[in-house]
Amino acid sequence: MPEEPTPGGPLGTAMRKVTFPDGSRGIILVKAGTSQEEADLQAARVWAERSERGQANS
């Protein structure tokens, strides 16, 4: 996975390919210069928050 920003996002942002905790893959928009490790951590946090909200709505 590339460490450098991928063109296509708004100025100051980069797209990162991430793997979510359930093994699914996705792309998230992060601040330019964000490491792949930090992008993966952010994706895991978002995934966990969405999972919690989904359980609360059940």
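The structure presented is a predicted model; accordingly, all values stated were derived computationally and were not measured. (Residues numbered from 1 in each chain as written. Predicted model: local features only at pLDDT ≥ 70, side-chain atom pairs only at ≥ 80, totals over all residues. Heavy atoms only, no water.)

Caption draft 1: View of the overall build of the protein. Looking only at helices and strands, the protein has one helix and two strands in total. Starting at the N terminus and ending at the C terminus, the protein contains elements arranged as β-β-α. Counting all 58 residues of the protein, 19% fall into the buried class. Across the protein, contacts joining residues at least 24 apart in sequence account for 15% of those joining residues at least 6 apart. Approximately 4200 Å² of the protein is accessible, and the part contributed by carbon and sulfur atoms is 56%. (Helix = DSSP H or I, 4+ residues; strand = E, 2+ residues; numbered from the N terminus. Buried < 20%, exposed > 50% of the residue type's maximum accessible area, 1.4 Å probe, protein only. Contact = heavy atoms within 4.5 Å. Areas by Shrake-Rupley, 256 points an atom, 1.4 Å probe, with all protein chains shown as cover.)

Caption draft 2: Inspection of the side chain of Arg 16 at higher detail. Along the polypeptide, Arg 16 turns up in strand S1 (residues 13-19). In this structure Arg 16 comes out as buried when scored by relative accessible area, which is 1%. Within polar-contact distance, the side chain of Arg 16 engages the backbone oxygen of Thr 34 at 2.6 Å. (Polar contact = N/O pair within 3.5 Å; in protein donor to acceptor, adjacent residues only side chain to side chain.)

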